[in-house]
Amino acid sequence: MLNKVLEICEENRYLSLNRGFLVVKHENEVLGQVPLDDIGVLLISSQSASFSKNILNALAERNCITVLCGNNYNPQSLIIPIVSNCLQSKIIKNQITASEPLKKRIWQQLVIKKIKNQALTLDYCHINSTKLNLIATTVKSGDADNREAYAAKLYWQSLFGKDFKRDREAPGINSLLNYGYAIIRSAMARSIVCAGLMPALGLHHENNLNPFCLVDDMMEIYRPIVDLFVYNITKGGESTLNPETKKMLANLLLVKVQFNEENTQLVQSMHYLANSYVKALEFKKPVIELPVWEGNKDGITIIE
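Residues numbered from 1 in each chain as written. Predicted model: local features only at pLDDT ≥ 70, side-chain atom pairs only at ≥ 80, totals over all residues. Heavy atoms only, no water.

**Brief notes about the layout of surface pockets**
If you add up the space inside the largest pocket, you get close to 710 Å³. For the lining of the largest pocket, the secondary structure elements donating two or more residues are β7 (75-79), α3 (100-124), α5 (147-160), α6 (173-194) and α8 (223-235). Along the lines of polarity and charge, the residues of the lining of the largest pocket split into 11 nonpolar, 7 polar and 10 charged. (1 Å grid on protein atoms, 1.4 Å probe; cavity = no way out; pocket = protein on both sides within 12 Å on 5 of 7 lines; lining within 4 Å. Points joined across faces, edges and corners; volume = space filled by probe spheres on them. Helix = DSSP H or I, 4+ residues; strand = E, 2+ residues; numbered from the N terminus. Nonpolar A, V, L, I, M, F, W, Y, C, P; charged D, E, K, R; others polar.)

**Quick look at the pairing of strand β8 (residues 256-259)**
Of the two faces of β8, the one holding Val257 and Phe259 is buried and the one holding Lys256 and Gln258 is not buried anywhere. Hairpin connection from β8 to strand β9 (residues 262-265): 2 residues lie between these consecutive antiparallel strands, with Asn260 at a positive phi of about 55°. The pairing of β8 with strand β10 (residues 292-293) spans 2 bridges and is classified as antiparallel. Across the sheet, Gln258 pairs through a bridge with Val292, a residue of β10. (Buried < 20%, exposed > 50% of the residue type's maximum accessible area, 1.4 Å probe, protein only. Pairing = 2+ DSSP bridges.)

**Description of empty space enclosed by the protein**
It is a probe the size of a water molecule, rolled over the atoms, that shows where empty space is left. Tallied over the full model, the rule gives 1 cavity of 30 Å³ or more. There is about 50 Å³ of room inside the largest cavity. Considering only residue class, the lining of the largest cavity consists of 7 nonpolar, 1 polar and no charged.

**Comments concerning the confidence of the model for the chain**
Put simply, the chain has an average pLDDT of 89, and 94% of its residues get 70 or more. Confidence scores differ between elements of the chain, with β7 showing the lowest mean pLDDT of 76 and helix α4 (residues 130-136) the highest of 97. (pLDDT = per-residue confidence, 0-100.)

**Structural notes on the sheet that holds strand β2 (residues 14-18)**
The strands making up a sheet are joined through hydrogen bonds of the backbone, oriented either antiparallel or parallel. A sheet is described by the order of its strands in space; here 3 strands give the open sequence β2-β3-β4, paired in antiparallel fashion. For this open sheet the edge positions go to β2 and β4 (29-35), each flanked by a neighbour on one side alone. Adjacent strand axes in the sheet meet at a mean angle of 30°, parallel and antiparallel pairs treated alike. Both β2 and strand β3 (residues 21-26) contribute to a ladder of 5 bridges, which runs antiparallel. Bridging from a neighbouring strand, Ser16 pairs with Val23 of β3. (Axes fitted to C-alpha atoms, helices over the stretch in contact; angles between N-to-C directions.)

**Here's the deal with the packing of α6 against α8**
The interhelical angle for the contact between α6 and α8, taken along N-to-C directions, is 140°, at an axis separation of 9 Å. On the basis of the axis angle, α6 is oblique to α8. In the crossing of α6 with α8, the sense of the turn from one axis to the other is right-handed. For the pair formed by α6 and α8, the contact residues are Ile173, Leu176, Leu177, Gly180, Tyr181 and Ile184 on the first element and Arg223, Val226, Asp227, Val230, Ile233 and Thr234 on the second. Looking at side-chain class alone, the contact of α6 with α8 contains 8 nonpolar, 2 polar and 2 charged residues. (Parallel < 35°, antiparallel > 145°, perpendicular 65-115°, else oblique. Left-handed = near helix turned anticlockwise from the far one by under 90°. Contact = heavy atoms within 4.5 Å.)

**Observations concerning the packing of aromatic side chains**
In the structure shown here, the tally under the stated rule is 7 aromatic pairs. On the numbers, 6.1 Å between centres and 15° between planes, the contact of Trp156 with Phe160 is stacked. Separated by 4 residues within a single helix, Trp156 and Phe160 lie in helix α5, roughly one turn from each other. The class of Trp156 is buried, set by a relative accessible area of 15%. Summarising the aromatic geometry, the rings of Phe160 and Phe164 are spaced 5.1 Å apart at their centres and angled 50° between planes, so their arrangement reads as tilted. Given the relative accessible area of 16%, Phe160 is considered buried. On the basis of relative accessible area, Phe164 is assigned to the buried category, the value being 15%. Above the plane of the ring of Tyr181 lies Arg223, whose end atom (NZ or CZ) is 4.5 Å from the centre. (Phe/Tyr/Trp six-rings, centres within 6.5 Å; stacked < 30°, edge-to-face > 60°. Lys NZ or Arg CZ within 6 Å of the ring centre and 35° of its normal.)

Set out below in C-alpha cells:
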C-alpha cells in the first residue's frame, strides 16, 4: 500500500529518475532518493522545483497523485492517472446516469458522518459536543436545510474560539488546515481514480470550474481528523507551518480507522469508501459503507 507523502518545499530543487527511485538534487548535490513505489502523494510546494514529464508519467503509472500548491499551501492543481480501472467506462456511465434521489441520500450520509466526526473531535478536545450530535440527527436527504453549514459555524467557534474564521488565505491555524486538507484531498483523489470514478462528477459539489467535485464530497468526513491534528499542534505551542508541523500532518494518512469492523489506515479506508460508492451506483442502492474513526485518549492512533 502506497502511503508516503513526499513534499518538495525548498527552492531550486531538481527531480530526476534513477532505476526506480525519485532523486532530489540541489545543483549537483544529491540530497536524497525515494523508491517510486513508496510514494502515494508528491506534494510540490516549492515555487522553483524542476522536474520532467517522465517523472509525472512514472508516478501516474503507480497511481500516485502529484499536487501543485500555490500560496498558503492551497492546491492549485492535481495531476492524476486517467487509466486505472478496467471497468472505468461502465463505472463512469453509472455515475452519469445516477438518479438525483440516490445522490442526495448518499450526500445525506456523508454530511451526517462529517458532523458526527466533528462532534468526536470536540469530545477528544474535551469540548461539549451535544449540540453537534443533535444537529446530525436532523440532516435531511440532500441536506436540504444546509445543516452542514449550521454545524460548521458552531464547530469552528467551539474548537478554535469565537474569533476564529476559516479563511484559506489566512496564516497560522488556517495554513495548517490548508496543508492537512491538501494531503487528504490528494489521497482521496487517488482512491477515486483507482476505483474507476470520474472525479469531476460530484454528489453535491457542482462547480463547473472544479474538476474534483466528487473528491471534495468524499473527503468531507475526513476533515475533522485534520482539525484534531491541528488543534493538538496548536495546543503544543505551534501555530505556524514549518518542517516539524508538516511532518506531524503527514501522519494523517496513517490514522487508525475501522472499515467493516477491521482496523486499517485512513488512506486505505479511502479506497474502500470509493469502491463502496461504485457498488451503490451499480446496484442503484443509496447506501455506502463509511469508516469509523476511533482513537486513544488523544483521539489519534497511528498504524505504521
